[in-house]
Amino acid sequence: MVIARRDFTAIIYSKAFIFFLLGPFFPVLVGIAAGNLGGQIAREAAQPVVGLAMVQSDSEKLLKARETLAVNMGESYFTQMKIVGDPARDGATNPQDYLKKKEDNLSVVVTGSLQDPTVTGTRRAVERESAGIELLAAYAKNPSAMKLPEAKADFVAETANNDKQLRTVTAQGGQILVFFLTMLLAGMVLSNLVEEKSNKIIEILAASIPMESVFLGKLFAMLGMALLGIFVWTAVGGIGLQVAQGIPNFPTPAVGWPIFITLCFTYFIMAYLMLGALFLGIGAMAATVREVQTISMPVTMAQLINFFFASYALTKTGQPVEQFAAIFPFSSPFAMIGRAALEPNLWHHGVAIVGQILFAILLLRLGVVLFKRNVMKSGNAGRIKDAGKRKLFGLITVRG
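Since this is a predicted model, take the numbers as computed values, not measurements.

Draft legend 1. The overall build of the protein chain, seen in detail. In terms of helices and strands, the protein chain carries 17 helices and 4 strands. Across the 400 residues of the protein chain, 37% fall into the buried class. Considering only contacts within the protein chain whose residues lie at least 6 apart along the sequence, 74% involve residues at least 24 apart. Of the roughly 23,700 Å² of accessible surface on the protein chain, 64% is carried by carbon and sulfur atoms.

Below is the structure:
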């Protein structure tokens, strides 16, 4: 508790912690700005147009048919249309001549008549536009024969939202969120002990209290810092969604939203403790920050593979590959989030959480043992080395 309180207060009262809290907002702002810019570019970009080169009356009927059907079927269902010619007025004109005019941005040109329309353009454009043009031509010839009935609305409280296939969306969302937060926050544990090793503070701590307490205190201090950051980000994000009125509507998970959110929070803690314990052991044995960065890359890539493995096993509930993903410690939190969204059973979550806790303790103990033997020189390696020195000193003394 002393180590945890010391590290926690040292982090949150530092100026760098403000930048840590602001860090995730910059990618969000950049993403929003990029999305708005991309939407603006798409809106301002020249959209394809269907050119009408039939007699004036047929072209006007086709335009009117598009205007009428677009009310029911949506404006985006039909490509914009424009009258570009009239053979009765301009004489017979090759449709390709209309397509060459860049200012009109025509994708296809419709010639002939409503009874026998001809669509000229590239194969891809013709295949894309033909069905809509045929529908409009049929409606334009006889609107009364194709009068669309008005559908009556019958609202229900719940539909196929609870279907397993739809719940996969919720499962994937939970997995991505937990993985993103874990990788964003667990990496800070790596450099925690490197700084104290360089300042010789670790020697004072090792002489005062057991190294297990040092490792455990530092791990939970970083976890507390991570939870504080998540609380701030969630509060700000919730306020932003309320203001924007853009709260996403995900399918309801099998265990219900309260239990699902609780399990996601629990599995984040488990993933953070396991990965943090591993990173803490790596950081304790590294001598410089450069070594930390070099060693951390394979670990990060391995964790990314574990996430992809859990995502792959998401739709294979009950099969051996999904069972292995749920048992393997590093992929277990993500696989169990998928189970929480797809399966209503709860007992296997208790078993998984207990197993993850035991594995986190094992990783922490392993890191302490390696730190003692390789850094503090207090394990068997140190005793063997000291024994060798005494033997060599005895031989020199005897020969002397």
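What follows continues from the structure just given.
Draft legend 2. Focus on the packing of helix α15 (residues 332-342) against helix α16 (residues 347-376). Orientation of α15 relative to α16, taken along the N-to-C sense of each, is 170 degrees, at an axis distance of 11 Å. What the angle tells us is that α15 and α16 run roughly antiparallel. Across from S332, P333, M336, R339 and A340 in α15, the residues of α16 making contact are H348, H349, A352 and Q356. Grouping the amino acids of the contact of α15 with α16 by side-chain chemistry returns 4 nonpolar, 4 polar and 1 charged.

Draft legend 3. Up close: the UniProt feature "transmembrane region" (unreviewed entry) in the protein chain. Under the UniProt annotation, "transmembrane region" (unreviewed entry) lies at residues 12-34, 176-194, 215-236, 256-282, 294-314 and 346-371. Helix makes up 78% of residues 12-34 and strand 0%, whereas the separation of the span's terminal C-alpha atoms amounts to 32 Å. Helix and strand shares over residues 346-371 are 96% and 0% respectively, and the end C-alpha atoms of the span are 38 Å apart.

Draft legend 4. Quick look at the sheet that holds strand β4 (residues 117-121). Taken in spatial order, the 4 strands line up as β2-β1-β3-β4 in an open sheet, and their pairing is mixed. The open sheet has two edge strands, β2 (80-83) and β4, and neither has a second partner. Between one strand and the next, the sheet's axes are offset by a mean angle of 30 degrees, whatever the strand orientation. Alignment of strand β1 (residues 49-52) against β2, held across 4 bridges, turns out to be parallel. Its bridge partner lying in β2, G51 is registered against K82. The sheet strands contacting helix α4 (residues 56-73) are β1 and β2, and the helix crosses β2 at an angle near 160 degrees. Contacting β1, β2, β3 (106-112) and β4, helix α7 (residues 123-141) crosses the sheet at an angle of about 50 degrees to β3.

Draft legend 5. Broad picture of the packing of helix α12 (residues 257-285) against α15. Where α12 contacts α15, the two axes come as close as 9 Å, and the packing angle between them is 175 degrees. Comparing their axes, α15 and α12 come out roughly antiparallel. Note on element contacts: α15 touches α12 through P333, M336, I337, A340 and A341, opposite F260, L263, C264, Y267, A271 and M274.

Draft legend 6. Here's a closer look at the confidence of the model for the protein chain. Looking at the protein chain as a whole, its pLDDT mean stands at 81, while 84% of the residues score no less than 70. Ranking the helices and strands of the protein chain by mean pLDDT puts α15 first, with 93, and helix α17 (residues 380-399) last, with 48. Note on residues 379-385: pLDDT is under 50 here. Beyond four places in sequence and across chains, it has 6 contacts. Below a pLDDT of 50 lies the segment residues 391-400, which in the model reaches 0 contacts outside its immediate sequence neighbourhood of four places, other chains included.

Draft legend 7. Region of the structure containing the nonpolar core. Counting residues in hydrophobic clusters, the biggest one holds 64 residues, and the most contacted among them are L185, F215, F268 and Y272. If one sorts the elements of this core by residue count, α12 sits on top with 16 residues. For L185, the residues in contact, after removing those within four places along its chain, are F20, A226, I230, W233, F268 and Y272. Listed in part, the 19 residues of the second largest apolar core include L69, V126, A137 and A140.

Draft legend 8. Summary view of the pattern of salt bridges. Counted under the stated rule, the structure contains 8 salt bridges. Through salt bridges that share partners, R6, D7 and K218 make up one connected network.

Draft legend 9. Spatial organisation of the environment of V55. Along the polypeptide, V55 turns up in the loop between β1 and α4. Judged by its relative accessible area of 30%, V55 is partly exposed.

Draft legend 10. Molecular detail of a nonpolar patch on the surface. A grouping of I18, F19, L22 and F26 is seen on the molecular surface, where their side chains present a nonpolar patch of about 440 Å² in accessible area. It is helix α2 (residues 16-22) that contributes the most residues to the nonpolar patch, 3 residues altogether. In this fold, F26 is placed in helix α3 (residues 25-44). Of the residues examined, F26 reaches a relative accessible area of 51% and is grouped as exposed.

Draft legend 11. The pairing of β3, seen in detail. Where burial is concerned, most of β3 is hidden: 6 out of the 7 residues are buried. In this sheet, β3 lies alongside β1 in parallel orientation, the contact comprising 4 bridges. Each bridged residue has a counterpart across the sheet, and for G51 the counterpart in β3 is V109. Summarising the sheet, β3 and β4 pair through 5 bridges and their orientation is antiparallel. Paired with V110 across the two strands is V119, which belongs to β4.

Draft legend 12. Geometry of the side chain of E129. Within the secondary structure, E129 is located in helix α7. Here the side chain of E129 touches T79 through a polar contact of 2.9 Å, side chain to side chain. In contact with E129, other than residues within four places in its own chain, are V50, T79, S107 and V108.

Criteria and cut-off values
Residues numbered from 1 in each chain as written. Predicted model: local features only at pLDDT ≥ 70, side-chain atom pairs only at ≥ 80, totals over all residues. Heavy atoms only, no water. Helix = DSSP H or I, 4+ residues; strand = E, 2+ residues; numbered from the N terminus. Buried < 20%, exposed > 50% of the residue type's maximum accessible area, 1.4 Å probe, protein only. Contact = heavy atoms within 4.5 Å. Areas by Shrake-Rupley, 256 points an atom, 1.4 Å probe, with all protein chains shown as cover. Axes fitted to C-alpha atoms, helices over the stretch in contact; angles between N-to-C directions. Parallel < 35°, antiparallel > 145°, perpendicular 65-115°, else oblique. Nonpolar A, V, L, I, M, F, W, Y, C, P; charged D, E, K, R; others polar. UniProt positions renumbered as here; feature names shortened; annotations may be inferred. Pairing = 2+ DSSP bridges. pLDDT = per-residue confidence, 0-100. Core = buried A, V, L, I, M, F, W, Y, C linked by side-chain atoms within 4.5 Å. Salt bridge = Lys/Arg side-chain N within 4 Å of Asp/Glu carboxyl O. Patch = residues over 30% accessible without salt bridge, like charges linked within 9 Å, V, L, I, M, F, W, Y side chains within 5 Å. Polar contact = N/O pair within 3.5 Å; in protein donor to acceptor, adjacent residues only side chain to side chain.

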